[in-house]
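# Observations on chain architecture
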Amino acid sequence: MYGEAAAIPSSLRRNARWERLTAAGVPAMVVHPQWEAGTPCPVVLWMHGRTVHKELDPGRYLRWMRAGIGTCAVDLPGHGQRFEEALQAPDRTLDVVTQMLSEIDPLIDALARIGVFDTARMAIGGVSAGGMTTLARLCREHPFRCASVEAASGSWRHQHHRPMFRGREAEAETLDPIEHLDGWREVPLQALHARFDEWVSIEGQVAFIDELRRRYRDPELIDLVEYDQTGAPYEHAGFGRLAAEAKNRQTAFLRTWLVDLA
């Protein structure tokens, strides 16, 4: 068994399958609450952040499973089962996001072909680079019912000083979500962020959310969750001592839009 797979709790592993999806063979951990029943369930397409892998944070997927929600967690380019050290460097983040964007639509098609996921009740989300990818994808036509992101930013200009964008500002602008909101469809969005995040400043996400709310007919569809000191490394991801609260809040959001209001 793939090493990272063996480390996740058995209660989740029993309901998980490791697949290579799409013609490109994107590594995915696919979780269904009841495979044997064959009843289509809602599903979340989830993308992790830089330097980690799709099996990280299994408590998230376990909560979704218990709420009747499936998971398709994928490895970002150069990560996990498609490890490539060069793509884990901070200055290659834009390359990772760009490639992952091109892989999302084939992944949606692959999930539909599996036959036990209801792609009419599908969410997208991610952490950090995965969250950036999420927000960029939502700026053009898509099938997602809602989205949840953590430690991400929809205003990349606020990150131009960081290695991921330094010297590539013009290239980044072609995908920067805040620059492409004319293509954004009004869907429920949850954004969780630590106020003292040292890697992705909350200022950029607040600016993005403020602009998005100005454009929404119903701004209440946007839920910005801000956490004070969490104790997480660099205050960037995982939310430290508030991790359980964040996961529970995210699960409640997804259950509302994918299960309760189905």
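Keep in mind that this is a model prediction, so the values were computed, not measured.

Within the chain one finds eight helices and eight strands. Whereas a compact globule of 262 residues would reach a radius of gyration of roughly 18 Å, the chain reaches 17 Å, a difference of no more than 12%. With respect to the three principal axes, the spread of C-alpha positions in the chain is 50 × 45 × 35 Å. A total of 262 residues make up the chain; the buried ones form 54% of that total. Put simply, of all contacts in the chain between residues at least 6 apart along the chain, 69% involve residues at least 24 apart. Carbon and sulfur atoms make up 49% of the accessible area of the chain, which totals about 10900 Å².

Let's shift gears to the packing of aromatic side chains. Taken as a whole and assessed by the stated rule, the structure comprises seven aromatic pairs. Ring centres of Trp46 and Trp64 lie 5.5 Å apart, and the angle between their planes is 80 degrees; on these two criteria the pair is classed as edge-to-face. Here the residue Trp46 occupies a position in strand β3 (residues 41-47), and Trp64 occupies one in helix α3 (residues 58-66), the gap between them amounting to 18 residues. Note on accessibility: Trp46 and Trp64 belong to one class, buried. Summarising the aromatic geometry, the rings of Trp156 and Phe165 are spaced 5.4 Å apart at their centres and angled 20 degrees between planes, so their arrangement reads as stacked. On the basis of relative accessibility, which here comes to 1%, the residue Trp156 falls in the buried class.

Reading the values: rules and limits
- Residues numbered from 1 in each chain as written.
- Predicted model: local features only at pLDDT ≥ 70, side-chain atom pairs only at ≥ 80, totals over all residues.
- Heavy atoms only, no water.
- Helix = DSSP H or I, 4+ residues; strand = E, 2+ residues; numbered from the N terminus.
- Rg over C-alpha atoms; globule rule 2.2 N^0.38 Å.
- Buried < 20%, exposed > 50% of the residue type's maximum accessible area, 1.4 Å probe, protein only.
- Contact = heavy atoms within 4.5 Å.
- Areas by Shrake-Rupley, 256 points an atom, 1.4 Å probe, with all protein chains shown as cover.
- Phe/Tyr/Trp six-rings, centres within 6.5 Å; stacked < 30°, edge-to-face > 60°.

Nothing here speaks to function; it is all geometry.
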